[in-house]
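Overview (structure and organization)
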Amino acid sequence: MKRLILLFLSFTLLLLSGCMPDVRQTPEEETTLITVGFSQVGAESDWRVANTKSMRESLSEENGFELLFDNARQKQENQFKAIRTFIQQDVDYIVLAPVTETGWESVLEEARAADIPVIIVDRQVEVSDPALYTSWVGSDFRKTADEAVAWLAETLDAREEPDAQVQILHLQGTPGSTAQLQRSAALEAGAARHETWTITAQLNGDFTQAKAYEETRAYLQGNPVPDVVYCENDNMCFGVMQALDERGIAYGTGGVTLITFDAVRTALSYCRDGKIDLCAECNPLHGPRVRAIIEQLERGETPEKQSYVPEQLFTAGQITDELLESRIY
Ligand code: AHR
């Protein structure tokens, strides 16, 4: 937007001074890139790596962008620092993938004061004034999680003993992130609706395989084997599988029911092989939408405030070789 206004002002000044610009562009003008500062949460999961790749590919020099990338290593303070640096560098746009929902008011106010539009991706921000950001692109976390919980209810109902007690172990992602809040809320609501369901423990795996492995390993040392493990992302599910393997506990078809979110290629192949029961997709391909939003803003248009990426649930029967081969994350 700032670029548009500047261009308009320079053109008007030239017109007023009577010197019409030469229509041919100098090589310098031809290569003017749109600068975008991207504050990414981290590299905690395969999903996150795919999300970074999608942004890098879409906001490439070839496409007319200069991308300044910052990895916050899962810390909000690092995101504040990155955004303030982007403001000092006077970037044209800021893209923020926020680690948690709260705490963004001040830094977004600073971006607004500097007249830099902010596009939020993936998780949401909770702010009193929605005008503090221009657009948001991401998943309908609650809808997908409700669908996953509905799948669990149907699957349990179809068992030989539908009234049997069900012990559910719950691996949670980074506390306060939209993905954690919504996925947890869906499971808790499901448990409240089903008398036979008990969430035996909620363990913080921080969306990483290593932490989920450690937490599950410790849990299994002092507790009975759960009937279901609800993992709020694939990498935590891999950590759970590692801990179950170590104790020789069967999972997937004929064992502990495993539900996971993201549906990255590795998880989908486990699902096809009967090791994971349900993969609820979380689509990380935000890059093309962010690019389209910036291009709309450059043309002076108003993009949608919220835009959801398409997602679905996968069970073994839906996963073909073609799907796995064509999966880009
Ligand atoms: O916010 C999206 C979540 O964050 C993904 O499910 C997870 O893998 C990532 O780390």
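Refer to the preceding data block for the structure.
Residues numbered from 1 in each chain as written. Predicted model: local features only at pLDDT ≥ 70, side-chain atom pairs only at ≥ 80, totals over all residues. Heavy atoms only, no water.

**Let's talk about the overall build of the protein chain**
When its secondary structure is counted, the protein chain shows 12 helices and 12 strands. The principal-axis extent of the C-alpha atoms belonging to the protein chain is close to 85 × 40 × 30 Å. Per-residue burial for the protein chain yields a buried fraction of 49% across its 329 residues. Surface summary for the protein chain: the accessible area is close to 15,500 Å², and the carbon and sulfur share equals 51%. Counting 28 positive and 52 negative side-chain charges, the protein chain places the averaged centre of each group 3 Å from the other. (Helix = DSSP H or I, 4+ residues; strand = E, 2+ residues; numbered from the N terminus. Buried < 20%, exposed > 50% of the residue type's maximum accessible area, 1.4 Å probe, protein only. Areas by Shrake-Rupley, 256 points an atom, 1.4 Å probe, with all protein chains shown as cover. Lys, Arg positive; Asp, Glu negative; His and termini not counted. Charge placed at Lys NZ, Arg CZ, Asp CG, Glu CD.)

**Concerning the site of the ligand**
In the region of the ligand, the neighbouring residues are Glu44, Ser45, Trp47, Arg48, Asp122, Arg123, Ala179, Arg183, Phe207, Asn233 and Asp262. One of the side-chain N or O atoms of Arg123 is found 2.8 Å from an oxygen atom in the ligand. Measuring from an oxygen atom of the ligand, one finds a side-chain N or O atom of Arg183 at 2.9 Å. Contact with the protein chains hides 100% of the accessible area of the ligand, taken as 280 Å² for the molecule alone. Sorting the residues of the shell around the ligand by element identifies α3 (46-58) and α7 (178-193) as the ones contributing at least two each. Grouping the amino acids of the shell around the ligand by side-chain chemistry returns 3 nonpolar, 2 polar and 6 charged. Counting the residues that make up the shell around the ligand, at least three belong to each of domain 1 (34-139 + 284-298) and domain 2 (141-282 + 317-326). (Near = heavy atom within 4 Å. Polar contact = N/O pair within 3.5 Å; in protein donor to acceptor, adjacent residues only side chain to side chain. Nonpolar A, V, L, I, M, F, W, Y, C, P; charged D, E, K, R; others polar. Domains from an automatic or database assignment.)

**Some details on helix α6 (residues 141-157)**
For α6, which comprises 17 residues, the first-to-last C-alpha distance of 24 Å matches the rise-based estimate of 24 Å (1.5 Å per residue) to within 8%. Within α6, burial applies to Phe141, Thr144, Ala145, Ala148, Val149, Trp151, Leu152, Ala153 and Leu156. (Expected span 1.5 Å × (residues − 1).)

**Overview of the pairing of strand β4 (residues 118-121)**
Burial along β4 is two-sided: the residues Val118 and Ile120 and Ile119 and Val121 are all buried. The pairing of strand β3 (residues 93-96) with β4 spans 3 bridges and is parallel. Bridged to Leu96 within β4 is Ile120. In terms of handedness, the path from β3 via helix α5 (residues 105-113) over to β4 forms a crossover that is right-handed. With 3 bridges joining them, β4 and strand β5 (residues 135-138) adopt parallel strand pairing. For Val121, the partnering residue across the bridge sits in β5 and is Val137. (Pairing = 2+ DSSP bridges. Right-handed = clockwise from strand over helix to strand, strands pointing away.)

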